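The lines below spell out each chain.
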Amino acid sequence: RAVAMSVSHSSKLNKLVREQYMKLPQGHLAQVTYVWIDGSGEGVRCKSRTLDKEPKSIEDVPEWNFDGSSTGQAEGSNSDMFLVPVRMFRDPFCLDPNKLVLCEVLKYNRKPAETNLRHTCKKVMDLVKDSHPWFGMEQEYTLLGINGHPYGWPDNGFPGPQGPYYCGVGADKVYGRDIVESHYKACLYAGVKICGTNAEVMPSQWEFQVGPCEGIEMGDHLWMARFILHRVCEDFGVVATLDPKPMTGNWNGAGCHTNYSTEEMRKEGGLKHIEAAIEKLSKRHNYHICVYDPRGGRDNSRRLTGHHETSNIFEFSAGVANRGASIRIPRQVGQDGYGYFEDRRPAANCDPYAVTEAIMRTTVLNETGVETKDYADN
């Protein structure tokens, strides 16, 4: 009864009836779903249109617009916002030849919307392209019933303490694997660079990893993976939250650990470049904390307590194989003398554009302090 009560009404609609319509041929026409980040900086929105043929590249997808007053991005008196297509994926929900298209949002004057953090990230990535920055981001999330309670948890009370759930197997240890496996397959179909998944430490908490991606590609692929996650969860009638600390108490929070390397870090002797980058990061801890969640560090302050495999938000630390540090150098990297490192500070609800841009500003462009430099358009 508890499970039945916690899923949405829409998920109970007859999916076999839907399948009958989804099989209908559509001729040469293509359905394109435009996806964008809304005024919260966390939510994604979408709407669809018909093109008279399948787009073969992003240049084949026209700009569009939407009502920004309904997404927290404009006033009603001047509400039209531009949707500028930036990356195209296959549509795992309506199937080929249909597409999902990630878009940047521009205001009426063609300037980027406040939550369009891709615009400056792209500028920075163009500046540092010769260093060939690779990223891999580990997106943790928690499944909730539509009542806001973690999916599969007892109605009144809590599951047993953490321990058996991480990478767990069995009906008493993991909840919602159907969702996770459906999301994984949907991302593979779409062309998202998903590279793994696992059950996390808190029951009903999961993680998927995206990467390696170079430059701006990281934010594009993670945002589309998030959209697909929310869309898959909609079909199953549950909610995926990226809240960094969805349950208070003795439960792990949710992060978006960011693995990073430049070309010189990946070569023989790269460890010295890794250590130099970590030294730069150590002197700019406050700046990074401010951009590693959408609320200037307030969300992360609930998570980065120094407990539950986190560092303390007020202190910078680094170590080999240390999951309680701000920066972890994997043991294998320490042994090989080259590779990558992991920034464990970004919150689950971070904007990947903001995170990857900040890392490049500090480690490659050698910015210091809390102010950022404004680079001219190329």
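Keep in mind the model is a prediction, meaning the values are calculated, not measured.

Regarding the domain arrangement of the protein chain
Then, number 1: Under the domain assignment used here, the protein chain contains domain 1 (9–113) and domain 2 (125–364).
Then, number 2: Summarising the inter-unit geometry, the C-alpha centres of domain 1 and domain 2 are found 26 Å apart.
Then, number 3: Across the boundary between the two partners, domain 1 contributes 20 residues, which contact 25 residues of domain 2.
Then, number 4: When the two sides are added together, the surface that domain 1 and domain 2 hide from each other amounts to roughly 2000 Å², 68% of it contributed by carbon and sulfur.
Then, number 5: Contact with domain 2 buries area across many residues of domain 1, yet Glu42, Phe89 and Phe93 alone supply 31% of it, more than any other trio.
Then, number 6: Our count for the domain 1 to domain 2 interface comes out at 2 salt bridges.
Then, number 7: A salt bridge links Asp220 to Arg87; its shortest N-O distance comes to 2.7 Å.
Then, number 8: Between domain 1 and domain 2 we count 6 residue pairs in polar contact (both at pLDDT 80 or more) in total.
Then, number 9: Going through the elements one at a time, α2 (15–22), β1 (30–37), β2 (44–51), β4 (80–90) and β5 (99–106) are the ones with two or more residues in the side of domain 1 that touches domain 2.

Brief notes about the packing of aromatic side chains
Then, number 1: Counted according to the given criterion, the structure contains 8 aromatic pairs.
Then, number 2: A ring pair is formed by Tyr260 and Phe341, whose centres lie 5.4 Å apart and whose planes are at 90°; its orientation type is edge-to-face. Of this pair, Tyr260 sits in strand β10 (residues 256–261) while Phe341 sits in strand β13 (residues 341–343), and the two are 81 residues apart along the sequence. Neither residue differs from the other here; Tyr260 and Phe341 are each classed as buried.
Then, number 3: By way of ring pairs, the aromatic residues Phe135, Tyr260 and Phe341 are connected into one cluster.
Then, number 4: Taking NZ or CZ as reference, Arg49 lies 4.8 Å from the ring centre of Trp64, over its face.

Examining the environment of Val105
Then, number 1: You can see Val105 is positioned in strand β5.
Then, number 2: A sequence separation of 153 residues divides Val105 from Thr258, and the C-alpha atoms of the two residues are 25 Å apart.

Cut-offs applied
- Residues numbered from 1 in each chain as written.
- Predicted model: local features only at pLDDT ≥ 70, side-chain atom pairs only at ≥ 80, totals over all residues.
- Heavy atoms only, no water.
- Domains from an automatic or database assignment.
- Contact = heavy atoms within 4.5 Å.
- Buried area = accessible area lost by both parts, 1.4 Å probe.
- Salt bridge = Lys/Arg side-chain N within 4 Å of Asp/Glu carboxyl O.
- Polar contact = N/O pair within 3.5 Å; in protein donor to acceptor, adjacent residues only side chain to side chain.
- Helix = DSSP H or I, 4+ residues; strand = E, 2+ residues; numbered from the N terminus.
- Phe/Tyr/Trp six-rings, centres within 6.5 Å; stacked < 30°, edge-to-face > 60°.
- Buried < 20%, exposed > 50% of the residue type's maximum accessible area, 1.4 Å probe, protein only.
- Lys NZ or Arg CZ within 6 Å of the ring centre and 35° of its normal.

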